Amino acid sequence: MNENKFIQLLKKGDEKAFETLYNEYASKIYGLLRSYLKEDEIEDALQDVYVRIYRGIKGFKQRSKLSTWIYKITVNTAKNYLKKQKKNYLSLDFNLEKNKFTSKENVEKDVFDEIDYEFILNSIEKLPPLDKTIIKLRDIEELSYYEISKIIDKPVGTVKSRLHYSRKKLQKIIEEDQNE
């Protein structure tokens, strides 16, 4: 089914469409929330994301892909949970240098090809929340720089720069983990 028809079914409140939406996105949303939140908060946040999707779908203007809109809701929900936690010391300071940076595509591709997928996922979990999010959205979900920029509310150049530095951090973590 094409995305426009699917969105129209969602806007009409079609239960099967929402079930399909849940089945398609639950694990992706869970993984993204896991980048930000403690394990015991993820289920509640996941439910909040779906409530926001349900309540907001009629106002979805389709200026972006449905997946981009859903990821944006997910990141905003996670940020709201973090704001509520006074004891949380994770920094969501996204102020980065605004210089353009061109990174060669798939810098770590050779490394990734040689390493077990589960090992990589465990290494990704050691990154700060924004780094995890950007790597997951770009390298796992294969979203464009533009889509990621819309999700995290940062310019495309910042996304490219942050992705480059996130991959370098990940490479260092992988190398350290391999030497253990």
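Nothing here was measured: the structure is a model prediction, and the numbers come from that model. (Residues numbered from 1 in each chain as written. Predicted model: local features only at pLDDT ≥ 70, side-chain atom pairs only at ≥ 80, totals over all residues. Heavy atoms only, no water.)

(A) Region of the structure containing the overall build of the protein. Looking only at helices and strands, the protein features nine helices and zero strands. Mapped from its N terminus to its C terminus, the protein presents α and β elements in the order α-α-α-α-α-α-α-α-α. Here the protein, with 180 residues, has 43% of them falling under the buried criterion. The contacts in the protein between residues at least 6 apart in sequence include a share of 68% that link residues at least 24 apart. On the protein, roughly 11,000 Å² of surface is accessible, and the fraction owed to carbon and sulfur atoms is 47%. (Helix = DSSP H or I, 4+ residues; strand = E, 2+ residues; numbered from the N terminus. Buried < 20%, exposed > 50% of the residue type's maximum accessible area, 1.4 Å probe, protein only. Contact = heavy atoms within 4.5 Å. Areas by Shrake-Rupley, 256 points an atom, 1.4 Å probe, with all protein chains shown as cover.)

(B) Main features of the nonpolar core. Within the largest apolar cluster, 47 residues are counted, with the highest numbers of intra-cluster contacts made by Leu21, Ile29, Leu33, Leu37, Ile53 and Leu66. Contributing elements (two or more residues each) for this core: α1 (3-11), α2 (15-34), α3 (39-56), α4 (66-84), α6 (117-124), α7 (129-140), α8 (145-152) and α9 (156-179). The element contributing the most residues to this core is α4, with nine residues. (Core = buried A, V, L, I, M, F, W, Y, C linked by side-chain atoms within 4.5 Å.)

(C) Quick look at the confidence of the model for the protein. Averaged over every residue, the pLDDT of the protein is 80; residues scoring 70 or more account for 81%. Ranking the helices and strands of the protein by mean pLDDT puts α1 first, with 92, and helix α5 (residues 109-114) last, with 44. Taken as a whole, residues 86-115 scores under 50 in pLDDT and shows 40 contacts with residues more than four places along the chain or in a different chain. (pLDDT = per-residue confidence, 0-100.)

(D) Structural detail: the packing of α8 against α9. For the pair α8 and α9, interaxial distance at closest approach is 8 Å and the crossing angle is 100 degrees. With respect to each other, α8 and α9 are oriented roughly perpendicular. Here Tyr145, Tyr146, Ile148, Ser149 and Ile152 of α8 come into contact with α9, specifically with Val156, Val159, Lys160 and Leu163. Taken together, the residues that form the contact of α8 with α9 break down as seven nonpolar, one polar and one charged. (Axes fitted to C-alpha atoms, helices over the stretch in contact; angles between N-to-C directions. Parallel < 35°, antiparallel > 145°, perpendicular 65-115°, else oblique. Nonpolar A, V, L, I, M, F, W, Y, C, P; charged D, E, K, R; others polar.)

(E) Representation of the pattern of salt bridges within the structure. The final tally for this structure, using the stated rule, is nine salt bridges. Across the pair Glu147 and Lys65 runs a salt bridge, and its minimum N-O distance is 3.4 Å. Here the residue Glu147 occupies a position in helix α8, and Lys65 occupies one in the loop between α3 and α4, the gap between them amounting to 82 residues. Overall, the relative accessible area of 9% leaves Glu147 in the buried class. Two residues, Lys169 and Asp131, come together in a salt bridge whose shortest N-O distance is 2.8 Å. Note that Lys169 is positioned in helix α9 and Asp131 in helix α7, a separation of 38 residues in sequence. The class of Asp131 is buried, set by a relative accessible area of 0%. If you follow the salt bridges from partner to partner, you end up with Glu125, Lys132 and Lys136 in one network. (Salt bridge = Lys/Arg side-chain N within 4 Å of Asp/Glu carboxyl O.)

(F) Summary view of the side chain of Ser35. On the secondary structure map, Ser35 appears in the loop between α2 and α3. Looking at Ser35, the relative accessible area reads 1%, which means it is buried. Beyond its immediate sequence surroundings of up to four residues, Ser35 is in contact with Pro129, Lys132, Thr133 and Lys136.

(G) Representation of the packing of α7 against α9 within the structure. Here α7 crosses α9 at 100 degrees, and the two axes come no closer than 9 Å. One finds that α7 runs roughly perpendicular with respect to α9. Taking contact as the criterion, the partners of Leu130, Asp131, Ile134, Ile135, Arg138 and Asp139 in α7 are, on α9, Val159, Arg162, Leu163, Ser166, Arg167, Lys169 and Leu170. By residue class, the composition of the contact of α7 with α9 is six nonpolar, one polar and six charged.

(H) Spotlight on the environment of Glu3. Turning to its location among the elements, Glu3 is positioned in helix α1. Put simply, Glu3 and Leu66 are 63 residues apart on the chain and 7.7 Å apart in space, counted from C-alpha to C-alpha. Setting aside its immediate chain neighbours within four residues, Glu3 contacts Lys65 and Leu66. For Glu3, the side chain forms a polar contact with the main-chain nitrogen of Leu66, separated by 3.1 Å. (Polar contact = N/O pair within 3.5 Å; in protein donor to acceptor, adjacent residues only side chain to side chain.)

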